[in-house]
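Listed below are the residues making up each chain.
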Amino acid sequence: MSRKYLTLAWVLVLPALLIRLFTTIYPILETFRVSFYDIKLLRGLHEFVGFRNYIDIFHDSKMLTSIEFTVIFVVGSMIGHLVLGIALALILNMKIKAQKVLRTIVLLPWAMPMVVIAMASKWAFNNDYGLINDFVRWFNPSFSMDWLIHTNTARYAVIAVDLWKDLPFFAILILAGLQFISSDMYEAAKIDGAGPIRSFFRITLPLLSKNIWVLSIFFTMWRITSFDVVYAMTSGGPGESTALIAYRITTEAFTNLNTGYAASIAVVLFIVMALLSGLSMKAAKRVDY
């Protein structure tokens, strides 16, 4: 390509590039700047406090609860994604007549917006007329449970809904990796006397390990920044027990109007995400496709 056409290409791309830089770089820099100030809009306060907002994060009981649940949410959800996702991918990989129909049906939850699913789940977990308790009462007519009122059950419910929503997508991505494993390897293992379980641990799992590793990093990042499931399903309740970090940022910024403190939480979350992004890119380079 000649220098003339290269210059023309940059001229055509430059406006979109400048807009992208402004809408991405400027908010990040402004968030970093605001994080060093104590800004309370209702009181008209705008005072430089240095790293005090960052220190307050680890002395705020509500924030510590959010960090605790975020860790529980991410770990619980990812364990479910790994175990159930791989199992579902193996089922979808079976040679059955209704294979295409089954794959389409499985993807339906993922195709639905999370807010819609979370709001429907809010009613599904209701004690009096919820779908969940109605199903359990088929086997135990006296069963009664207010899932979203108690801390532990509310947390389990949020994790279950998140898992139900994104598990199909995770399974389909694992299924894509299964398609590249030659059936000849399984035939050779069968001739050598290896059963299905041994073939899974000696052939399937090792060949999928790199793909699973990369997917786990990306899905972990999505879990850390989850917001909509809590916003629509529990609003952080009961109390503050299901308030994820992303939801806590929104609450501090738009409910409490404590923008400086909210910015400091966002910066910490940004740093965590940046580290995970670097790790994911490094891992992705090592994956052989």
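If you're wondering where the values come from, they're calculated on a predicted model, not measured in any experiment. (Residues numbered from 1 in each chain as written. Predicted model: local features only at pLDDT ≥ 70, side-chain atom pairs only at ≥ 80, totals over all residues. Heavy atoms only, no water.)

Explain the overall build of the protein chain here, please?
Across its full length, the protein chain holds 13 helices and two strands. Relative to the compact-globule value of 19 Å for 289 residues, the protein chain shows a C-alpha radius of gyration of 24 Å, a clear excess of over 25%. When each of the 289 residues of the protein chain is scored for burial, the buried share is 38%. Surface exposure of the protein chain reaches about 17,600 Å², of which carbon and sulfur atoms provide 70%. Taking the average place of the 25 positive charges on the side chains of the protein chain and the average place of its 18 negative ones, the gap between the two points comes to 10 Å. (Helix = DSSP H or I, 4+ residues; strand = E, 2+ residues; numbered from the N terminus. Rg over C-alpha atoms; globule rule 2.2 N^0.38 Å. Buried < 20%, exposed > 50% of the residue type's maximum accessible area, 1.4 Å probe, protein only. Areas by Shrake-Rupley, 256 points an atom, 1.4 Å probe, with all protein chains shown as cover. Lys, Arg positive; Asp, Glu negative; His and termini not counted. Charge placed at Lys NZ, Arg CZ, Asp CG, Glu CD.)

Just to check I follow, could you spell out unusual backbone geometry for this structure?
Apart from glycine, the bulk of residues carry a negative phi angle, and the bulk of peptide bonds sit in the trans form. A cis amide bond links G237 to the next residue, P238, at an omega of 0°. By the secondary structure assignment, P238 is in the loop between α11 (228–233) and α12 (245–255). Unusually for a residue other than glycine, S235 sits at a positive phi of about 55°. One can find S235 in the loop between α11 and α12. The partly exposed category is assigned to S235, whose relative accessible area is 42%. Positioned with a positive phi, L257 is a non-glycine residue whose angle comes to about 55°. Of note, L257 is situated in the loop between α12 and α13 (259–285).

So what exactly am I meant to see when it comes to a nonpolar patch on the surface here?
Taken together, the side chains of Y5, L6, L8, W10, L12, V13, L14, L17, L18, L21, I25 and L29 define a hydrophobic patch exposed on the protein surface, amounting to about 1,200 Å² of accessible area. For Y5, the position within the fold is in helix α1 (residues 3–34). (Patch = residues over 30% accessible without salt bridge, like charges linked within 9 Å, V, L, I, M, F, W, Y side chains within 5 Å. Salt bridge = Lys/Arg side-chain N within 4 Å of Asp/Glu carboxyl O.)

Please clarify how the pairing of strand β1 (residues 37–40) should be interpreted in this entry.
Two faces make up the sheet, and in a regular strand the side chains alternate between them. With four bridges connecting them, β1 and strand β2 (residues 45–48) associate as antiparallel partners. If you follow K40 over to β2, its bridge partner there is L45. Counting the residues between successive antiparallel strands, the hairpin from β1 to β2 contains four residues, one of them, G44, with a positive phi of roughly 65°. (Pairing = 2+ DSSP bridges.)

Just checking my understanding: could you explain the packing of aromatic side chains for this structure?
In this description, an aromatic ring pair is defined by two values, namely the gap between the centres and the angle between the planes. For the structure shown, the criterion picks out 19 aromatic pairs. Seen in terms of ring centroids, F36 and Y54 are 5.7 Å apart; in terms of plane orientation they differ by 50°. Their pairing is tilted. Here Y54 lies in helix α2 (residues 52–57) and F36 lies in the loop between α1 and β1, a separation of 18 residues in the sequence. A residue is classified by how much of its surface remains accessible, and F36, at 23% relative accessible area, is partly exposed. Here Y54 falls in the buried class, since its relative accessible area comes to 15%. A network of ring pairs unites the aromatic residues W110, F169, F170, F219 and W222 as a single cluster. Sitting over the ring of Y37, R33 keeps its end group 5.5 Å from the ring centre. (Phe/Tyr/Trp six-rings, centres within 6.5 Å; stacked < 30°, edge-to-face > 60°. Lys NZ or Arg CZ within 6 Å of the ring centre and 35° of its normal.)

Is there a simple way to explain the environment of A157 in this structure?
By secondary structure assignment, the location of A157 is in helix α8 (residues 151–178). Of the residues examined, A157 reaches a relative accessible area of 2% and is grouped as buried. The spacing of A157 and S121 is 36 residues in sequence and 8.5 Å in space, taken between C-alpha atoms. Non-local contacts of A157, meaning those with residues more than four positions away in its chain, are made with F125, L148 and M233. (Contact = heavy atoms within 4.5 Å.)

Looking at this model, I keep getting lost on the packing of helix α3 (residues 61–92) against α8. Mind explaining?
In helix packing, the relevant descriptors are the interaxial angle and the interaxial distance, both defined with respect to the helix axes. Contact geometry for α3 and α8: axes closest at 7 Å, N-to-C directions at 40°. Regarding the angle of α3 to α8, the classification is oblique. Every pair of crossing elements has a handedness; the one defined by α3 and α8 is right-handed. Of the residues belonging to the contact of α3 with α8, the class tally is 20 nonpolar, six polar and four charged. (Axes fitted to C-alpha atoms, helices over the stretch in contact; angles between N-to-C directions. Parallel < 35°, antiparallel > 145°, perpendicular 65-115°, else oblique. Left-handed = near helix turned anticlockwise from the far one by under 90°. Nonpolar A, V, L, I, M, F, W, Y, C, P; charged D, E, K, R; others polar.)

Explanation requested: the packing of α3 against helix α10 (residues 196–224) in the structure shown.
Two numbers describe how α3 lies on α10: the axes approach to 10 Å, and their chain directions differ by 145°. Here α3 runs over α10; the crossing is right-handed. Here T70, F73, V74, S77, M78, H81, L82, I86 and L90 of α3 come into contact with α10, specifically with F200, T204, L205, I212, S216, F219, T220, R223 and I224.

What am I meant to see in the environment of F73 here?
By the element assignment, F73 lies in helix α3. A relative accessible area of 0% means that F73 is categorised as buried. A C-alpha to C-alpha distance of 9.9 Å links F73 and T220, two positions 147 residues apart in sequence. Discounting chain neighbours no more than four positions away, the residues touching F73 are V158, I159, D162, R223, S226 and L244.

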